[in-house]
Amino acid sequence: MSFLLQVLSGLAAGIVCGFALGAEYLDFINAWIAPFGTIFLRLLRMMIIPLVMSSLVVGVTGVGDVSKFGRIGGKTFGLYMFTTIFAVSLGIAMGIIFEPGAGVALKGTAATVMKDIPSFSQMIIDFFPFNPVRSMLEDNMLQLIVFSIAMGMGILLCKGKAQLLVDFASQVTKVCYKIIGATMKAAPLGIFAMITPIAATNGVDVFIPLIKFLICYYAALLIHYMFVYGSLLKFVARVNPINYLKNVFPAVAFAFSSSSSSATLPVTMTYCRWMNISKEVASFVLPLGATINMDGVAIHQGMAAVFAAQVCGIEFSALHYVYIAIFGTLFSIGCAGVPGGSAVALSILFSATGLPTEALALLLGIDRIAEMGSTATNVAGDTVVCVVVAKSEGETLNV
């Protein structure tokens, strides 16, 4: 049985079990079933800090030379940040417009759970840590992201004299991937254990919005493809989007089936080279994109935050949406390009903003379905940026 079917089976089994037992057996469920879901979630969250810090150091140092942050680096980072910010904003907008979580009140959550939002100036100040160890203890991911990027830049400035730190960060990243991969093998059981108490408490109505959420999510991915990527190809790179899609479709299809942008990287490199993109551009833009360009995850995070607020009856202010947009952008940048990476990113977002874990449990039940689309979008975004940068460097492409 494929992993997708296993996860869906765990989700279905949890729903059926919760309905069958009902609220009268909630004490039994909380004592003997729910703890397995809590353990699964903790195992994912356990890897958040080491994974984000090590992957960002590897991503920044992967540039190879500070001088490359000039012409090619500036274009690449600028395009990746533009598409990511647009993606998370699109996710928030789709959630607000179509309200996938409206009409259902998720029982058992606090009336007000969002953390207090600081002023904009204080928000900017809070990006910068004065004690990274304290930031770790307080799970302050924004400060840890800034610290990790600074470490990566510092290592680059050492010009090879700190290679040991790069190797260490790379090995930590690999170990984190292995642990997440092993943890995700228990996803069917973990999702079953998290969904069962929700089903027992809330009944059938709470699961109807999940279908609406997936429809809205894939619609958002399609909009991002057509308007953002299509515009960059047509008006910036002067490339026919249809011809481009024919060239990279095998890589996008592989990404959809594997749910891993990292595993798809060799395939993506191959098809970009077939389009006559130079090795210099492809070997810089694509590996960096596999680490920091996560448009699909950004859309998912923006929509997931709005969905959680709707099913839990939380009112967002305009500043809350700005806060979610900033968090979604930064956390998607640090998301692992492996199966289960978006689940970790969602856990970070919910932990940092104080959104309830009950809504997170619902979203994790359909995460694998959403992750297939998000990975395909991530890889497509990598190739689009690669094409745009190559054309801006005067390269003649076979597309």
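Calculation rules
Residues numbered from 1 in each chain as written. Predicted model: local features only at pLDDT ≥ 70, side-chain atom pairs only at ≥ 80, totals over all residues. Heavy atoms only, no water. Helix = DSSP H or I, 4+ residues; strand = E, 2+ residues; numbered from the N terminus. Buried < 20%, exposed > 50% of the residue type's maximum accessible area, 1.4 Å probe, protein only. Contact = heavy atoms within 4.5 Å. Areas by Shrake-Rupley, 256 points an atom, 1.4 Å probe, with all protein chains shown as cover. Expected span 1.5 Å × (residues − 1). Salt bridge = Lys/Arg side-chain N within 4 Å of Asp/Glu carboxyl O. Phe/Tyr/Trp six-rings, centres within 6.5 Å; stacked < 30°, edge-to-face > 60°. Axes fitted to C-alpha atoms, helices over the stretch in contact; angles between N-to-C directions. Left-handed = near helix turned anticlockwise from the far one by under 90°. Nonpolar A, V, L, I, M, F, W, Y, C, P; charged D, E, K, R; others polar. Polar contact = N/O pair within 3.5 Å; in protein donor to acceptor, adjacent residues only side chain to side chain. pLDDT = per-residue confidence, 0-100. Patch = residues over 30% accessible without salt bridge, like charges linked within 9 Å, V, L, I, M, F, W, Y side chains within 5 Å. Disulfide = S-S within 2.5 Å.

Student: Tell me about the overall build of the protein, residues and numbers included.
Tutor: Check the secondary structure of the protein and you find 19 helices and 0 strands. Out of the 399 residues belonging to the protein, those deemed buried represent 54%. For the protein, long-range pairs separated by at least 24 residues make up 85% of all intrachain contacts whose partners lie at least 6 apart in sequence. In the structure as shown, the protein presents an accessible area of about 16800 Å², 68% of it carried by carbon and sulfur atoms.

Student: Residue-level account of helix 5 (residues 71–98), with values.
Tutor: Relative to the 40 Å expected for 28 residues at 1.5 Å per residue, helix 5 spans 41 Å between its end C-alpha atoms, a close match to the ideal helical length. E99 occupies a position one or two residues after helix 5 and carries a positive phi of about 45°.

Student: Requested: an account of the environment of L26, with residues and values cited.
Tutor: Among the secondary structure elements, L26 is positioned in helix 2 (residues 26–32). Apart from residues lying up to four places away in sequence, L26 is in contact with P197, A200 and T201.

Student: How would you summarise the pattern of salt bridges if you had to cite specific residues and measurements?
Tutor: Taken as a whole and assessed by the stated rule, the structure comprises 1 salt bridge. For the salt bridge of K75 with E393, the shortest nitrogen-to-oxygen distance reads 2.5 Å. Residue K75 is found in helix 5, and its partner E393 is found in the segment after helix 19 (367–392); the two are separated by 318 residues along the sequence. The exposure class assigned to K75 is partly exposed, which follows from its relative accessible area of 27%. Accessibility expressed as a relative area gives 25% for E393, which makes it partly exposed.

Student: Can you explain unusual backbone geometry? Please cite residues and give values.
Tutor: In this structure, E99 takes a positive phi of about 45° despite not being glycine. Here E99 is to be found in the loop between helix 5 and helix 6 (120–125). Residue E99 is classed as partly exposed on the basis of its relative accessible area of 40%. The phi angle at N276 is positive, at roughly 75°, despite the residue not being glycine. Within the element layout of this structure, N276 appears in the loop between helix 13 (261–274) and helix 14 (279–292). Residue classification places N276 among the partly exposed positions, given a relative accessible area of 40%.

Student: Break down the packing of aromatic side chains for me, with residues and values.
Tutor: In this structure the tally under the stated criterion is 6 aromatic pairs. A ring pair is formed by F316 and Y321, whose centres lie 5.3 Å apart and whose planes are at 85°; its orientation type is edge-to-face. Feature note: the residues F213, Y217, Y218 and F307 constitute an aromatic cluster, connected by ring pairs.

Student: Before we move on, could you go through the environment of R42 and cite the residues and values that matter?
Tutor: Topologically, R42 is positioned in helix 3 (residues 34–46). Sequence separation of R42 and S347 is 305 residues, and the distance between their C-alpha atoms is 9.5 Å.

Student: Tell me about the packing of helix 5 against helix 11 (residues 208–236), residues and numbers included.
Tutor: Where helix 5 meets helix 11, the closest approach of the two axes is 10 Å, and the angle between their N-to-C directions is 145°. As helix 5 packs across helix 11, the resulting crossing turns out to be right-handed. From helix 5, L79, F82, T83, F86, A87, L90, M94 and F98 reach across to helix 11, where they touch K212, C216, A219, A220, I223, H224, V228, Y229 and L232. Residue classes in the contact of helix 5 with helix 11 are distributed as 14 nonpolar, 2 polar and 1 charged.

Student: An account of the side chain of N378 is requested, with residue identities and associated values reported.
Tutor: As for its placement among the helices and strands, N378 is situated in helix 19. Looking at N378, its side chain comes within polar contact range of the main-chain nitrogen of D295, at 3.1 Å. In this structure, N378 is in contact with N293, M294, D295, G296 and V297, ignoring residues within four places of it in sequence.

Student: Please set out the confidence of the model for the protein residue by residue, giving values where relevant.
Tutor: Of the residues in the protein, 87% reach a pLDDT of 70 or more, and the chain-wide mean stands at 81. Per-element mean pLDDT across the protein ranges from 71 in helix 6 up to 92 in helix 11.

Student: Please provide a residue-by-residue account of a nonpolar patch on the surface, values included.
Tutor: Taken together, the side chains of Y25, F28 and W32 define a hydrophobic patch exposed on the protein surface, amounting to about 390 Å² of accessible area. Mapped onto the secondary structure, F28 falls in helix 2. You can call F28 partly exposed: its relative accessible area is 42%.

Student: An account of the state of the cysteines is requested, with residue identities and associated values reported.
Tutor: A complete count under the given rule lists 0 disulfides for this structure. Take C386: it sits in no disulfide, and the sulfur closest to it among the cysteines is that of C272, at 4.4 Å.

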